[in-house]
Protein chains: 2
Amino acid sequence: MRIIRLTVGYDGTDFCGWQRQPGARTVQGVVEEALAKLAGIRIPVVGAGRTDAGVHALGQVASFRAEIRLEDDELLRAINALLPGDVRVSSLRTAPAGFDARKSARSKIYRYRIFNAPLVSPFLFRYVLQWPGPLDFERMAEAARLFKRKADFTAFSSNRLLHPVRRVMGSELKKNGRGITYTIEADGFLRYMVRTIVGTLLEVGRGKIEPNTIEDFFTRKKRSLASPTAPAKGLCLIKVVY
Amino acid sequence: MRIIRLTVGYDGTDFCGWQRQPGARTVQGVVEEALAKLAGIRIPVVGAGRTDAGVHALGQVASFRAEIRLEDDELLRAINALLPGDVRVSSLRTAPAGFDARKSARSKIYRYRIFNAPLVSPFLFRYVLQWPGPLDFERMAEAARLFKRKADFTAFSSNRLLHPVRRVMGSELKKNGRGITYTIEADGFLRYMVRTIVGTLLEVGRGKIEPNTIEDFFTRKKRSLASPTAPAKGLCLIKVVY
């Protein structure tokens, strides 16, 4: 038995997220189908991050255990030949015993792209949130830094968990022309956490809330206090750190 | 009556080309539908280039005649609000009397993108032809320059026309890392002309034909002599010159 580790990129537009679901096109589903064709049996694949419908990935990591005689580079080519064009395995290697893409992950880095302009190119609209109105970038950047902490992130999630504490090691907003990019690294993410933080940053950018209101959200731990969830299409899983 | 001139960009992946066809999703069709909602009546829109299914555009130009009370910038915003995300009008203005996007065009510039690597990103696969094998770039570049001429291009088209002479003012291949880009400017294009030229350049790059064989193709004027048509997805209408 070998443990195989894959780095997977995908355009999430036409997927109902990572996780396999009956009757839905999911990334896990198409990867498992490709593997089943190669191995002759269904092999369960574990993904580091269960990205939601419409969320993209450049550096999702997945792993599976299998008896496959192909060399790593042959297996890489064979899997890609069987996958649709909107999913690509960019690297593949045999991992040390005990490796599990989800459990072994130390942190994950997500990026959210906002395009602050009245028009967005038809080649970009799948990958960014287009925001036509004015945004106060400096205040948003100040607010973004406040999320770098170890805390209960319940106010920035859609569900209540027994263990809602996450450690955010990086939380930064950058501007490049009309593009605004939010990058966050954490040891784990609650459901919709990045998109709710981005929704909150947009409320700050529009002047609806002050950056220091974010302290209140953390203190009160109530979802209803925080802001609308930003749409999935701007979000991308950039990297999983082991 | 005003003549309105639009610059239109689109991701051609999910369109059956520019030209309206019953029961098919076409760019002309969705633009005319958006206009019909604004004007209350169907207004025929003329496009400079009738791009085929799967072909993209950054700078397609279209025109139509209408009685519309909106100012140009209001009309631009209104049309974009009614168009799907994979079509964007990037500029709109009232044109001088007699302007017709197709008849007034002096030349058009198309670009074809090849990605010469075993893997292509899932964010790029809609817009490039991925070519995994070796290609002799210098020979291809030499061959590309041979298309800059006024000539009968029948050998590089899918149909026979009464007037198959076209003037190609620019025909150049450039390399940037693994990307190879072919840019061609001509006063007109026969059907599949760019894609057949690219198919021929690929045959040169693989060593199947010599660059100087291209002279034979021009002399014999027979389609069967030339090379396979490259797929639509690498092609983009960049600009229309007036």
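Residues numbered from 1 in each chain as written. Chains lettered and ligands numbered in written order. Predicted model: local features only at pLDDT ≥ 70, side-chain atom pairs only at ≥ 80, totals over all residues. Heavy atoms only, no water.

Chemist: Is there a simple way to think about the domain arrangement of chain A in this case?
Modeler: By a frequent convention, interface size equals the accessible area lost on bringing the separate parts together. Residues and elements named next belong to chain A. Domain parsing of chain A yields domain 1 (2-95) and domain 2 (107-241). Here the C-alpha centre of domain 2 lies 28 Å away from the C-alpha centre of domain 1. Every contact between the two is made by 15 residues of domain 1 and, on the other side, 15 residues of domain 2. The largest contributions to the domain 1 side of the interface with domain 2 come from Asp52, Val55 and His56, which together make up 40% of the buried area. (Domains from an automatic or database assignment. Contact = heavy atoms within 4.5 Å. Buried area = accessible area lost by both parts, 1.4 Å probe.)

Chemist: Would you take a moment to explain the relation of the copies chain B and chain A for this structure?
Modeler: What connects the two chain copies is a rotation about an axis and a shift along it. Each copy of the sequence occupies a distinct position, and chain B is placed on chain A by a rotation of 180° and an axial shift of 0.0 Å, giving an RMSD of 0.0 Å. With respect to symmetry, the two chain copies, as superposed, fit the operation of a two-fold axis. Closest approach to the rotation axis among the C-alpha atoms of chain B is made by Phe123(B), whose C-alpha sits 4.8 Å away. Looking at the interface residues of chain B, 100% of them are also at the interface in chain A, so both copies use one shared face. (Least-squares fit on C-alpha atoms with pLDDT ≥ 70 in both.)

Chemist: I would appreciate a short explanation of the interface of chain B and chain A in the present structure.
Modeler: In this assembly, 23 residues from chain B lie in contact with 23 residues from chain A. Interface of chain B and chain A: buried area, both sides summed, is about 1600 Å²; carbon and sulfur atoms make up 68% of it. For the pair chain B and chain A, the interface holds 4 salt bridges. Between Asp11(B) and Arg126(A) there is a salt bridge whose closest N-O contact spans 2.8 Å. On the surface where chain B and chain A come into contact, there are 2 residue pairs in polar contact (both at pLDDT 80 or more). Looking at the side of chain B that touches chain A, the elements that each hand over two or more residues are strand 1 (2-10), strand 3 (56-66) and strand 4 (87-95) of chain B. (Salt bridge = Lys/Arg side-chain N within 4 Å of Asp/Glu carboxyl O. Polar contact = N/O pair within 3.5 Å; in protein donor to acceptor, adjacent residues only side chain to side chain. Helix = DSSP H or I, 4+ residues; strand = E, 2+ residues; numbered from the N terminus.)

Chemist: I would appreciate a short explanation of the packing of helix 3 (residues 137-145) of chain B against helix 4 (residues 193-205) of chain B in the present structure.
Modeler: A pair of packed helices can be characterised by two numbers: the angle between their axes and the separation between those axes. All names here are of chain B. In contact at an axis separation of 8 Å, helix 3 and helix 4 are set at 145° when each is read in the N-to-C sense. Every pair of crossing elements has a handedness; the one defined by helix 3 and helix 4 is right-handed. Residues Arg139, Met140, Ala143 and Ala144 of helix 3 pack against Leu201, Leu202, Val204 and Gly205 of helix 4. Taken together, the residues of the contact of helix 3 with helix 4 sort by class into 6 nonpolar, 1 polar and 1 charged. (Axes fitted to C-alpha atoms, helices over the stretch in contact; angles between N-to-C directions. Left-handed = near helix turned anticlockwise from the far one by under 90°. Nonpolar A, V, L, I, M, F, W, Y, C, P; charged D, E, K, R; others polar.)

Chemist: Explanation requested: the pattern of salt bridges in the structure shown.
Modeler: Pairing between side chains becomes possible if they bear opposite charge and their charged atoms approach one another. Using the criterion set out here, one finds 26 salt bridges over all chains in the structure. As a salt-bridge pair, Arg126(A) and Asp14(B) come within 3.6 Å of each other at their nearest N and O atoms. Linking Arg126(A) in the loop between strand 5 (107-115) and strand 6 (129-130) with Asp14(B) in the loop between strand 1 and helix 1 (27-39), this pair reaches from one chain into another. Linking Asp86(B) and Arg25(B) is a salt bridge whose minimum nitrogen-to-oxygen distance equals 3.0 Å. With Asp86(B) in the loop between helix 2 (72-82) and strand 4 and Arg25(B) in the loop between strand 1 and helix 1, this residue pair connects regions lying 61 residues apart in the sequence. Looking at Asp86(B), the relative accessible area reads 5%, which means it is buried. Several salt bridges converge on common partners, so that one network encompasses Asp11(A), Asp14(A) and Arg126(B). (Buried < 20%, exposed > 50% of the residue type's maximum accessible area, 1.4 Å probe, protein only.)

Chemist: Explain unusual backbone geometry to me, please; I cannot follow it from the model alone.
Modeler: Glycine aside, negative phi is the norm for most residues, and most peptide bonds take the trans geometry. Residues and elements named next belong to chain A. Positive phi, close to 65°, is recorded for tyrosine 192, a residue that is not glycine. Here tyrosine 192 shows up in the loop between strand 9 (179-186) and helix 4 (193-205). The partly exposed category is assigned to tyrosine 192, whose relative accessible area is 28%.

Chemist: Would you take a moment to explain helix 5 (residues 213-220) of chain B for this structure?
Modeler: Think of an α-helix as turning once every 3.6 residues; residues three or four places apart then point the same way. Residues and elements named next belong to chain B. The set of residues buried in helix 5 consists of Thr213, Ile214, Phe217 and Phe218. All buried residues of helix 5 project into a common sector of 150° when viewed along the axis, lining one side. Residues of helix 5 that are exposed and angled more than 90 degrees away from the buried face: Thr219 and Arg220. At its buried positions, helix 5 is contacted by helix 3, strand 7 (150-152) and helix 4. Backbone geometry just downstream of helix 5 places lysine 221 in the positive-phi region, at approximately 55°. (Arc of directions from axis to C-beta.)

Chemist: What is the right way to read the state of the cysteines from this model?
Modeler: Two cysteines whose sulfur atoms are joined by a covalent bond form what is called a disulfide. As enumerated under the stated definition, the model contains 0 disulfides over all chains in all. In this structure Cys16(B) is not part of a disulfide, and its nearest cysteine sulfur, from Cys236(B), lies 18 Å away. (Disulfide = S-S within 2.5 Å.)

Chemist: What is the right way to look at the pairing of strand 9 (residues 179-186) of chain B in this model?
Modeler: In the case of a regular strand, side chains alternate between the two sheet surfaces. Residue and element names in this part refer to chain B. Here strand 5 (residues 107-115) runs beside strand 9; their pairing, made up of 8 bridges, is antiparallel. From the neighbouring strand, isoleucine 114 faces strand 9, where its bridge partner is isoleucine 180. Strand direction decides the pairing type here: strand 8 (residues 165-176) and strand 9, joined by 8 bridges, are antiparallel. Of the residues in strand 9, the one forming a bridge with lysine 174 is threonine 181. Linking strand 8 back to strand 9 in an antiparallel pair, the connection comprises 2 residues, with glycine 177 at a positive phi of about 65°. (Pairing = 2+ DSSP bridges.)

Chemist: Sorry, what's going on with the packing of aromatic side chains here?
Modeler: Where two aromatic rings form a pair, the distance of their centres and the angle of their planes describe that pair. Counted according to the given criterion, the structure contains 20 aromatic pairs over all chains. The positively charged end of Arg191(A) is found above the aromatic ring belonging to Tyr192(A), 5.0 Å away from the centroid. Across from the ring centre of Phe218(B), 3.9 Å away, lies the NZ or CZ of Arg149(B), which sits over that ring. (Phe/Tyr/Trp six-rings, centres within 6.5 Å; stacked < 30°, edge-to-face > 60°. Lys NZ or Arg CZ within 6 Å of the ring centre and 35° of its normal.)

Chemist: Any chance you could explain the pairing of strand 8 of chain B here in plain terms?
Modeler: Here strand 7 of chain B runs beside strand 8 of chain B; their pairing, made up of 3 bridges, is antiparallel. The residue of strand 8 of chain B that forms the bridge with Lys150(B) is Arg167(B).

Chemist: What am I meant to see in the side chain of Asn116(B) here?
Modeler: As for its position among the elements, Asn116(B) is in the loop between strand 5 and strand 6 (129-130). What Asn116(B) contacts, discounting residues up to four positions off in sequence, is Trp131(B), Pro132(B), Gly133(B), Leu135(B), Arg178(B) and Ile180(B).

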